[in-house]
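# A structural walkthrough
As a plain string of letters, each chain reads:
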Amino acid sequence: MGKLTKNQMTQLGGSYLRYAQAIGNYRINNYARMTKLMRIRSREYYNSLNDYSNSFYLAGTNLIIDEAEASINQMKEVAQDLDKAITNVEKVHTVVKTIGAAVQLGAAIISKQPIAIADSLKQFVKAYKKVKDTE
Amino acid sequence: MRTITFTIALIGILTSCGSFSEINTLAIKSSESLKKFKTLEYNFTINCSETCYQRALEDNRFALAPPTCECTEEKKTDKNVKRLFTVLDTYFKGLQRLSNDKLVNISFSSISEPLTEGDFIKEEDIKPYLNLSQSIANMITNKYRAKQLSLAIEKANPDVLLLLEKIQQIIEQNLVPTLTNKRGELQQVYLEIFSDSANSNYDRFMIKDRYFNELNAISEKESELLKYSKSLNKIAVGHQLLYDNRNNLDKETAKNAIVKLYSELSELIN
């Protein structure tokens, strides 16, 4: 016998739900006339049918999840790609700060002020070292 | 003077492009919507535990301890259902981070401070150059971000749609029907309590009142779950919209459509 599909499992869940409802309706309409034993037995049947119905819904869910496994793995891969892209953007962020320091150094050289050159050179070296550290 | 005017104009052009705040908000709303499932407080384990507890109450034997409801299979299934949510949430969090404009809001102001503070160079002399470098840097990183966002959205789209569809199937076709079972079982429980000849009319009135309250609670849970499932449809539409516009993510038409969609999503979440 082949395996049941998720749709068949869900249909079985629905069928057992209706069987339970049939017994439930019978109990409601005939409860006053039923003996104590009939009440107990019919309730046990009712509970069993309800449990089967829930079990089929659970099994149907497991089959749906099985079908999603490949997508789960693919999505994990995409999430890793995104992490990598974020790290790269952060790295670019550090690199461009160095460019800024270089611009500043250039401006200091143009202004021909030795103290400004020394100071901006210090800034540039600091920024450059940070870039090297991230590599 | 002409150089400065040109520089300022260029800065204006460069800084005007490359914001992904709409994608960022859509990703945040999608994550929030996914998280809402937990707040609905209904899954297979809860159904199993409540049924088990209910039956122990009906059992005539009087035990010293409350019933232990293992619900092993249900716990296993719920854990797997949670994986579907987690993998989608991780993805949307990644989109959120990469589309967050703060990630690339590069500022060179801290670099220029030591020089301008010491009056070595006038601030107005250095500022246009720093601003220009800053804008070019932002543009480069924004181009990179646009490309990476586009690649991720393209790669993820079929799986995002499939996973959302699977979650919807689970909720609508498998989880919600267990509430119908619960409703039926409740009817049987109250039938037995109600039919007890020892009850007075007042007792019967109170029993009915409690029964209807419990039925209402089930119906409310049912409609919350179905409404939630509908919100997942919105996430799917949103992601498809991102996919369709993946190469024009910073264009106004795409942005407007995204804004409209996350507003709708917000209404469903709240």
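Provided above is the structure to which this section pertains.
Residue numbers here run from 1 along each chain, matching the order of that chain's written sequence. Each chain takes a letter, starting from A, and each ligand takes a number, starting from 1, following the order in which they are written. Given that the model is predicted, a residue must reach a pLDDT of at least 70 before its local features are reported, and side-chain atom pairs must reach 80 or more before they are shown or counted; all residues, however, enter totals for whole chains, interfaces and linings. Side-chain descriptors were evaluated using all non-hydrogen atoms of the structure, hydrogens and water having been removed beforehand.

## Here's the deal with the layout of surface pockets
Reported here for the largest pocket is a volume of approximately 620 Å³. Together, 17 residues line the largest pocket, and I40 and R43 of chain A together with E58, N60 and E192 of chain B are the ones closest to its centre. Secondary structure elements with two or more residues in the lining of the largest pocket: helix 2 (36-111) of chain A together with helix 3 (44-58) and helix 6 (123-194) of chain B. Considering every element that reaches the lining of the largest pocket, the biggest residue donor is helix 2 of chain A, with six residues. Lining residues are defined by having an atom within 4 Å of a point belonging to a cavity or pocket. Those points lie on a 1 Å grid over the protein atoms alone, cavities being sets where a 1.4 Å probe fits but cannot get out and pockets being open sets with protein on both sides within 12 Å along at least five of seven lines. Grid points are joined across faces, edges and corners, and a volume is the space filled by probe spheres set on the points. Under the scheme used here, helices are H or I runs from DSSP no shorter than 4 residues and strands are E runs no shorter than 2 residues, and both carry numbers assigned from the N terminus.

## Considerations on the nonpolar core
Throughout this description, the term nonpolar core refers to a set of buried Ala, Val, Leu, Ile, Met, Phe, Trp, Tyr and Cys residues connected via side-chain atoms within 4.5 Å. Burial here depends on accessible area, computed with a 1.4 Å probe over protein chains only, as a share of the maximum for the residue type. Under 20% is buried, over 50% is exposed, and the range in between is partly exposed. Y91, L95 and L225 of chain B are the most contacted members of the largest nonpolar core, which has 58 residues in total. Where this core is concerned, the elements lending two or more residues are helix 2 of chain A together with helix 2 (21-39), helix 4 (72-99), helix 6, helix 7 (201-244) and helix 8 (252-269) of chain B. Per-element accounting of this core gives the leading share, 15 residues, to helix 6 of chain B. By definition in these notes, contact holds between two residues if any of their heavy atoms fall within 4.5 Å. Y91 of chain B has contacts with M75, V78 and L82 of chain A together with A152, I153, A156, V160 and H239 of chain B, leaving out every residue within four places of it along the chain.

## Description of a nonpolar patch on the surface
Surface patches are drawn from residues lacking salt bridges whose relative accessible area is over 30%; two like charges belong together within 9 Å, two nonpolar side chains (Val, Leu, Ile, Met, Phe, Trp, Tyr) within 5 Å. Note on areas: Shrake-Rupley with a 1.4 Å probe; residue coverage comes only from the protein chains shown. We define a salt bridge as a contact between a side-chain nitrogen of Lys or Arg and a carboxyl oxygen of Asp or Glu at a distance within 4 Å. On the surface, Y202, F205 and M206 of chain B cluster together into a nonpolar patch covering about 370 Å² of accessible area. Position of M206 of chain B relative to the elements: it lies in helix 7.

## Describing unusual backbone geometry
Note: most peptide bonds trans; most residues except glycine with negative phi. Residues and elements named next belong to chain B. Although it is not a glycine, E41 adopts a positive phi angle of roughly 50°. Considering the arrangement of structural elements, one finds E41 in the loop between helix 2 and helix 3. The exposure class assigned to E41 is exposed, which follows from its relative accessible area of 57%. Not every positive phi belongs to a glycine, and C71 is a case in point at roughly 50°. Note on placement: C71 falls in the loop between helix 3 and helix 4. A relative accessible area of 7% means that C71 is categorised as buried.

## Topic: the pattern of salt bridges
One side chain can pair with another of opposite charge once the charged atoms of both are near each other. All names here are of chain B. Applying the stated rule across the entire model yields 21 salt bridges over all chains. In this structure, K93 engages D89 in a salt bridge whose closest nitrogen and oxygen atoms are separated by 2.9 Å. Taken together, the positions of K93 and D89, both in helix 4 and four residues apart, correspond to about one turn of that helix. Overall, K93 belongs to the partly exposed group, its relative accessible area being 34%. Accessibility expressed as a relative area gives 15% for D89, which makes it buried. A salt bridge links E222 to R183; the shortest N-O distance between them is 3.1 Å. Here the residue E222 occupies a position in helix 7, and R183 occupies one in helix 6, the gap between them amounting to 39 residues.

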